[in-house]
Amino acid sequence: MQVPFLDLKAINDPIRMELEAAFHESLDESHYLFGKSVTAFENAFADKIGVANCVSVGNCTDALFITLKMLGIQPGDEVIVPAMTWISDASVVSQLGAKPVFVDVDEHGLIDLDLIEGAISLKTKAIIPVHLYGQMVAMPKLMNLANRHGLKVIEDCAQSHFAKLPSGMAGSFGDAAVFSFYPSKNLGALGDGGCISAKDDSLALACRKFANHGGIGKDSHEFIGINSRMDTIQAAVLLRKLDHIDAWTLARRELAAYYHESLNGLSEIALPNAEAGESHVFHIYEIRSPRRNDLKAYLEANGIQTQIHYPKAVPFTDAYKQLEHQHTEFPRAFLQQEQTLSLPLYPRMPKDHQDKVIEGIKAFISI
Ligand SMILES: Cc1ncc(COP(=O)(O)O)c(C=O)c1O
């Protein structure tokens, strides 16, 4: 039996008829861009997050770029980003001519709130907290800190759709938040997609204009913009999938709980935070082991696919080698890149697959 890391067909097949209906509807409507599903999805998504505005765009990297640009980030500015994340959080800052200032992560892999103040300079304009793996940064504390220093906050919710703290959903705390609908995300399109949520109407409108050549409507170019928009067909698919996301999140939490109860206490294996409750939506279930590479190879040899998120913390990627960051500057991010292993976890993952992963890990430890 082969155990894939992720089986998107298993997730999409049970709602195939709904997805096909979405295709037919979009085909009949023939507005492949700016169709009615785009507005319907934006409204439904904003409602569910609890924010006033949702602006759909081509992908989450664009969403970050557009938001930072419309918040006025420019050459010479500094933006604080976690050392361990997907590269987009830093690369968009660099694309704008600004400098990403990396901050190490805590034991859960989230930006270490106690280190942020030490990274703030007179040039700092914004912070990008990333709700990595699906678990939320302590946003009330981060917002306090940001407000004290007059910094903008852009939450990266690419991996954390509908994670929530008692005081609000991921995406409802910052000045703005960005989401990815890349196919493997918790809420995934059948291609690329992303969006920006923003409290402030004028920021949302500016983002909408910038994403559409600097204006709303044909031949309106109030300023220089780009082209980044969500296809109607993807919005129609996402709208259908919104009806299922709560059940999928629950399924993810149940699978995570089963991993936890089966793997808890094993020597040399550290598990994700079991106390996170609804603030974790388990986009990724990552364990840590000092023998990570051997464990990965062992599982692979036994037909079990795993992944590493991420093999290099951003400061240590070739893209940022000119900054000459040392491992000792970001010890936790470095440890994470060396020890983290992501196990298969997705809604409708068969129980015998999960049992095989658990048995595989136990067998490896006993070698
Ligand atoms: C944390 C994080 N931020 C941003 C992105 C970029 O998303 P997209 O692929 O939609 O541009 C991703 C995608 O993997 C991500 O995981």
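Residue indices begin from 1 for each chain and proceed along its sequence in written order. The model is predicted, so local features are restricted to residues of pLDDT at least 70 and side-chain atom pairs to those at 80 or more, both for listing and for counting; the totals for chains, interfaces and linings are taken over all residues. Each side-chain value is worked out from all heavy atoms of the structure, with water and hydrogens disregarded.

An unreviewed UniProt entry lists the protein under the name Erythromycin biosynthesis sensory transduction protein eryC1, from Roseivirga misakiensis. UniProt positions are given in the numbering used here, feature names are shortened, and annotations may be inferred rather than shown by experiment. Taken directly from UniProt, the Sequence similarities (unreviewed entry) text for the protein runs: "Belongs to the DegT/DnrJ/EryC1 family."

A few points about the environment of valine 153
Runs of H or I in DSSP of at least four residues are treated as helices and runs of E of at least two as strands, each being numbered from the N terminus. As for its position among the elements, valine 153 is in strand β5 (residues 152–156). Each residue gets one of three labels from its accessible area relative to the maximum for its type: buried under 20%, exposed over 50%, partly exposed in between, using a 1.4 Å probe on protein chains only. Here valine 153 falls in the buried class, since its relative accessible area comes to 0%. In this structure the C-alpha to C-alpha distance between valine 153 and valine 79, which are 74 residues apart in sequence, comes to 9.7 Å. Throughout, a contact is declared for two residues whenever any of their heavy atoms are within 4.5 Å. When residues no more than four places from it in sequence are discounted, the contact partners of valine 153 are Ile127, Pro129, Met139, Leu142, Met143, Ala146, Gly174, Asp175 and Ala176.

Things to note about the pattern of salt bridges
We define a salt bridge as a side-chain nitrogen of Lys or Arg found within 4 Å of a carboxyl oxygen belonging to Asp or Glu. Within this structure, the stated rule accounts for 15 salt bridges. Among the ionic pairs, arginine 16 bridges to aspartate 13, the shortest N-O distance being 2.8 Å. When the shortest N-O distance is used, the salt bridge between glutamate 117 and arginine 148 registers 2.9 Å. Taken together, the residues glutamate 117 in helix α6 (residues 113–119) and arginine 148 in helix α7 (residues 139–149) connect sequence positions 31 residues apart. The class for glutamate 117 is partly exposed, based on a relative accessible area of 35%. Here the residues in one salt-bridge network are Lys9, Asp13, Arg16 and Glu20, joined through shared partners.

A short note on the site of the ligand
By convention in this text, a residue qualifies as near a molecule or strand provided that one of its non-hydrogen atoms is within 4 Å of it. Around the ligand sit 13 residues, and of these Thr61, Asp156, Gln159, Ser180 and Lys185 come closest. Polar contact criterion, stated in full: a pair of N or O atoms within 3.5 Å, where within protein one must be able to donate a hydrogen and the other to accept it, and residues adjacent in sequence count only if both atoms are side-chain atoms. One nitrogen or oxygen atom from the side chain of threonine 61 is found 2.5 Å from an oxygen atom belonging to the ligand. The side chain of aspartate 156 places a nitrogen or oxygen atom 2.6 Å from a nitrogen atom of the ligand. Protein chains shield 92% of the accessible area of the ligand, which is 390 Å² for the free molecule. In this classification, the charged set is Asp, Glu, Lys and Arg, the nonpolar set is Ala, Val, Leu, Ile, Met, Phe, Trp, Tyr, Cys and Pro, and all remaining amino acids, among them Gly, are polar. Split by residue class, the shell around the ligand holds 5 nonpolar, 6 polar and 2 charged. Only the protein chains shown count as cover for residues, with accessible areas throughout obtained via the Shrake-Rupley method and a probe of 1.4 Å.

Topic: the sheet that holds strand β3 (residues 99–103)
Pairing between strands is defined by DSSP: at least two bridges between the two strands are required. If you walk across this open sheet you meet the 7 strands as β1-β9-β8-β5-β4-β2-β3, and the pairing is mixed. Looking at strand neighbours, the two that pair on one side only are β1 (53–57) and β3, the edges of this open sheet. Each adjacent strand pair in this sheet contributes to an overall mean axis angle of 25°, direction not counted. For strand β8 (residues 176–180) and strand β9 (residues 194–198), the ladder comprises 5 bridges, and the chain directions are antiparallel. Bridging across to β9, alanine 177 finds its partner in serine 197. Convention adopted: a line fitted to C-alpha atoms gives each axis, helices being fitted over their contacting stretch, and angles between N-to-C directions are expressed from 0 to 180 degrees.

A word on the pairing of β1
Counting buried positions over the 5 residues of β1 gives 5, a clear majority of the element. Here β1 pairs with β9 via 5 bridges, running antiparallel. Note on β9: the bridge partner recorded for valine 55 is isoleucine 196.

Here we look at the UniProt feature "active site" (unreviewed entry) in the protein
UniProt annotation of "active site" (unreviewed entry) refers to Lys185 when read in the numbering used here. Here lysine 185 is to be found in the loop between β8 and β9. Among the residues examined, lysine 185 registers a relative accessible area of 16% and is labelled buried. Once residues within four sequence positions are removed from consideration, lysine 185 is found in contact with Ala158, His161, Ser180 and His283.

Remarks on the environment of proline 290
Mapped onto the fold, proline 290 is located in the loop between β10 (285–288) and α11 (292–301). Considering only alpha carbons, one finds proline 290 and isoleucine 269, 21 residues apart in sequence, at a separation of 8.0 Å.

Points about the side chain of asparagine 53
Mapping asparagine 53 onto the fold places it in strand β1. Judged by its relative accessible area of 15%, asparagine 53 falls in the buried class. Engagement of the side chain of asparagine 53 in a polar contact is seen with the backbone oxygen of alanine 198, the distance being 3.1 Å. Beyond its immediate sequence surroundings of up to four residues, asparagine 53 is in contact with Ala46, Ile196, Ser197, Ala198, Lys199, Asp200, Asp201 and Ala204.

Regarding the nonpolar core
Side-chain atoms within 4.5 Å are what join buried Ala, Val, Leu, Ile, Met, Phe, Trp, Tyr and Cys residues into a set we call a nonpolar core. Counting residues in each nonpolar core, the largest one holds 118 residues, and the members touching the most others are Phe45, Leu142, Phe181 and Ile361. Residue ranges assigned to each domain were obtained from an automatic or database domain assignment. Composition of this core by domain shows at least three residues from each of domain 1 (8–239) and domain 2 (244–366). Other than its neighbours up to four places away in sequence, leucine 142 contacts Ile111, Leu113, Ile116, Ile127, Pro129, Val137 and Val153.

Some points on unusual backbone geometry
A cis amide bond links histidine 309 to the next residue, tyrosine 310, at an omega of 5°. Tracing the backbone shows tyrosine 310 in the loop between α11 and α12 (331–339). Of note in this structure, aspartate 219 is not a glycine but carries a positive phi near 60°. Looking at where aspartate 219 falls in the secondary structure, it is placed in the loop between α8 (201–210) and α9 (232–242).

Comments concerning the domain arrangement of the protein
The assigned domain composition of the protein is domain 1 (8–239) and domain 2 (244–366). In this assembly, 40 residues from domain 1 lie in contact with 35 residues from domain 2. Of the roughly 3300 Å² buried between domain 1 and domain 2, counting both surfaces, carbon and sulfur atoms make up 61%. Our count for the domain 1 to domain 2 interface comes out at 2 salt bridges. Note that aspartate 246 is salt-bridged to lysine 48, the shortest N-O span being 3.0 Å. Remark: the boundary between domain 1 and domain 2 carries 23 residue pairs in polar contact (both at pLDDT 80 or more). Simply put, the buried area is the total loss of 1.4 Å probe accessible area from both parts when two parts are fitted together.

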